[in-house]
Amino acid sequence: QVQLVESGGGLVQAGGSLRLSCAASGSIYSINSMGWYRQAPGKQRELVARITSGGTTSYADSVKGRFTISRDNAKNTWYLQMNSLKPEDTGVYYCNALAFTTRVNVNNYWGQGTQVTVSS
């Protein structure tokens with residue numbers, strides 16, 4: 001199986017920055033897509049950003065121009081650089097990977113979540 005371990009969350013003042021990291025390990029054949037989701041209390045989990053192994057990126061409209069996703073394919077690691085943070089960015093952030101364990105078996109895998117709190 002595949003395990004994802006994430007880190008980098010914390011408490012930051014509005015306008016500040018944080019960088020989240022996610023590292024995948026286990027029986028990985030390949031990773032097609034890597035991403036970050038977030039969930040605030042009482043709200044649905046939403047996609048924040050994603051990146052393919054080829055480097056193609058996409059972002060939620062609410063974070064465009066402020067967040068940057070990147071990856072290191074050799075390390076099976078990806079990052080979310082968050083700048084100009086706003087209180088509405090507060091939530092639990094989960095990393096995600098669309099990963100193959102064999103040439104034909106693919107699944108979504110999730111990290112344990114890390115809390116990001118932005119104070120007013």
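Everything numeric here is computed off the predicted structure, so don't read it as measured data.

Details of the side chain of T114
Examined against the element boundaries, T114 turns out to sit in strand β11 (residues 114-119). On the basis of relative accessibility, which here comes to 12%, the residue T114 falls in the buried class. Separated by 3.2 Å, the side chain of T114 and the backbone nitrogen of G9 make a polar contact. Apart from the residues lying within four places of it in its own chain, the contact partners of T114 are E6, G8, G9, L20, G91, V92 and Y93.

So, the nonpolar core
Formed by 28 residues in total, the largest nonpolar core has its most connected members in L4, W36, W78, L80 and M82. At the level of secondary structure, the elements contributing two or more residues to this core comprise β1 (2-7), β3 (18-26), β4 (30-39), β5 (46-52), β7 (67-72), β8 (77-82), β9 (91-100) and β11.

Comments concerning the sheet that holds β3
The four strands lie next to each other as β1-β3-β8-β7, forming an open sheet whose pairing is antiparallel. With partners counted over all chains shown, the strands left at the sheet margins are β1 and β7, one partner each. Taking the axes of each pair of neighbouring strands and ignoring which way they run, one obtains an average angle of 15° across the sheet. Sheet topology note: the β7/β8 ladder contains six bridges and is antiparallel. Paired with R71 across the two strands is W78, which belongs to β8.

Topic: the state of the cysteines
The full count for this structure, using the stated rule, is one disulfide. Two residues share a disulfide in this structure: C22 and C95, whose sulfurs sit 2.1 Å from each other. An S-S torsion of about 50° defines the bridge between C22 and C95 as right-handed. Of this pair, C22 sits in strand β3 while C95 sits in strand β9; the two residues are 73 residues apart in sequence, bridging distant segments of the chain. Residue C22 shares its accessibility class with C95, and that shared class is buried.

So, how was this worked out
Residues numbered from 1 in each chain as written. Predicted model: local features only at pLDDT ≥ 70, side-chain atom pairs only at ≥ 80, totals over all residues. Heavy atoms only, no water. Helix = DSSP H or I, 4+ residues; strand = E, 2+ residues; numbered from the N terminus. Buried < 20%, exposed > 50% of the residue type's maximum accessible area, 1.4 Å probe, protein only. Polar contact = N/O pair within 3.5 Å; in protein donor to acceptor, adjacent residues only side chain to side chain. Contact = heavy atoms within 4.5 Å. Core = buried A, V, L, I, M, F, W, Y, C linked by side-chain atoms within 4.5 Å. Pairing = 2+ DSSP bridges. Axes fitted to C-alpha atoms, helices over the stretch in contact; angles between N-to-C directions. Disulfide = S-S within 2.5 Å.

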